[in-house]
Amino acid sequence: MCTVVIEVDERGSRLLAVRDEDPQREWDALGAWWPEEHPGVIGIRDRRAGGAWLAVDPESRRLAVLLNRADVLDLPEDQALSRGSLTLRSVAGQSPLPGTRLRHHGFNLLEVAPEGARVLSWDGVTLRDTPVPPGVHMIAHDDLDDPTTPRIAHWLPSFRERAAIADGGDPREWAALWIDQLAHTTRLDPEDDRAIIRDNRVHGYPTLSLLFCTAEVTADGVEIHDRALPTPGHWLA
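Residues numbered from 1 in each chain as written. Predicted model: local features only at pLDDT ≥ 70, side-chain atom pairs only at ≥ 80, totals over all residues. Heavy atoms only, no water.

The name given to the protein in an unreviewed UniProt entry is NRDE family protein, with the source organism recorded as Microbacterium resistens.

Encoded structure:
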């Protein structure tokens, strides 16, 4: 039930990513947790499976973030591979290929590089590749800019307005404007299905929003910051 807002233009890509997860599932903040297997890669590590919700290779200027989605895969949990491994392979240039039969439950894998961004979506049967066109977009547990996802339908216009303000001013201010907009969304109750900072338990999932990241990927490099929410499912105040 995670959420990502992304803007793509001639300068590169900027994104705001919110992670929803079970608070009882331990994780580690942004760091270089894979020095032997993936030297130089930094990310948000899932301690249980060892993979990453979000990973970045500053040298290749690749970023990947994983969002779960529904699937029709008839595969027992003990036989399914961790989806967190996908982000680490992605930033190493080893993205899943169309036609591959994957042993992962459903996902949206957002891949960002200086030349653009795309979403690889797996529903247990088909792996689809959706380029992210120029402009501001949102993705959660379904398709890019899905109009039936309440938080996308409700908040995408506001994030596009904030992006227009940033484009007309100091380009370094985009992150502050988007974080301010994220704070504005928390006027909704976290159990509201339009919320971005969420408590998903009322919707049948044991997950709450735990943290957010801002990142910018350009030909000059990658800049990324993360911040944990002091109380899961609630804003910083």
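K.L.:
An account of the packing of aromatic side chains is requested, with residue identities and associated values reported.
P.N.:
Summed over all chains, the structure comprises three aromatic pairs. Summarising the aromatic geometry, the rings of Phe159 and Trp178 are spaced 6.1 Å apart at their centres and angled 80° between planes, so their arrangement reads as edge-to-face. One end of the pair, Phe159, is in helix 2 (residues 150–167); the other, Trp178, is in helix 3 (residues 174–185), and 19 residues separate them in sequence. In this structure Trp178 comes out as buried when scored by relative accessible area, which is 1%. Ring centres of Phe212 and Trp235 lie 5.5 Å apart, and the angle between their planes is 25°; this geometry places the pair in the stacked category. Taken as a pair, Phe212 in strand 11 (residues 208–218) and Trp235 in the segment after strand 12 (221–228) lie far apart in primary sequence, 23 residues in all. (Phe/Tyr/Trp six-rings, centres within 6.5 Å; stacked < 30°, edge-to-face > 60°. Helix = DSSP H or I, 4+ residues; strand = E, 2+ residues; numbered from the N terminus. Buried < 20%, exposed > 50% of the residue type's maximum accessible area, 1.4 Å probe, protein only.)

K.L.:
Describe the sheet that holds strand 1 (residues 3–9), listing the residues and the values that go with them.
P.N.:
Pairing is antiparallel in the open sheet, where five strands are placed in the order 10-1-2-11-12. Only two strands of the sheet have a single neighbouring strand rather than two, namely strand 10 (135–139) and strand 12. Within this sheet the neighbouring strands show an average axis-to-axis angle of 15°, counted without direction. (Pairing = 2+ DSSP bridges. Axes fitted to C-alpha atoms, helices over the stretch in contact; angles between N-to-C directions.)

K.L.:
Give me the lowdown on the side chain of Thr149, citing residues and values where you can.
P.N.:
Inspection of the secondary structure puts Thr149 in the loop between strand 10 and helix 2. Setting aside residues no more than four positions away along its own chain, Thr149 makes contact with Ala140, His141 and Asp142. (Contact = heavy atoms within 4.5 Å.)

K.L.:
Mind laying out the environment of Gln181, listing which residues take part and the relevant values?
P.N.:
If you trace the backbone, Gln181 turns up in helix 3. Owing to a relative accessible area of 3%, Gln181 belongs among the buried residues under this scheme. Taking the C-alpha atoms as reference points, Gln181 and Arg160, separated by 21 residues in sequence, lie 10 Å from one another. With residues near it in sequence (within four places) discarded, Gln181 still touches Trp155, Ser158, Phe159 and Arg162. Reaching out from Gln181, the side chain makes a polar contact with the side chain of Arg162 at a distance of 3.3 Å. (Polar contact = N/O pair within 3.5 Å; in protein donor to acceptor, adjacent residues only side chain to side chain.)

K.L.:
How would you explain the pairing of strand 4 (residues 42–46) if you had to name every residue and give the values?
P.N.:
The pairing of strand 3 (residues 27–31) with strand 4 spans three bridges and is antiparallel. The residue of strand 4 that forms the bridge with Asp28 is Arg45. The hairpin turn running from strand 4 into strand 5 (residues 52–57), its antiparallel successor, is five residues long, and Gly50 in that turn takes a positive phi close to 85°.

K.L.:
So, the nonpolar core: which residues are in play, and what are the values?
P.N.:
Proteins that are soluble and globular tend to have nonpolar side chains buried together. Judged by nonpolar contacts, the single largest core of 26 residues is most densely connected at Leu15, Trp53 and Leu110. At the level of elements, strand 1, strand 2 (12–21), strand 5, strand 6 (62–68), strand 7 (107–113), strand 8 (116–122) and strand 11 are the ones that each hand at least two residues to this core. Broken down by element, this core gets its largest block of residues, five residues, from strand 11. The next biggest cluster of nonpolar side chains, apart from the first, holds 22 residues, and it includes Trp174, Leu188, Ile196 and Trp235. (Core = buried A, V, L, I, M, F, W, Y, C linked by side-chain atoms within 4.5 Å.)

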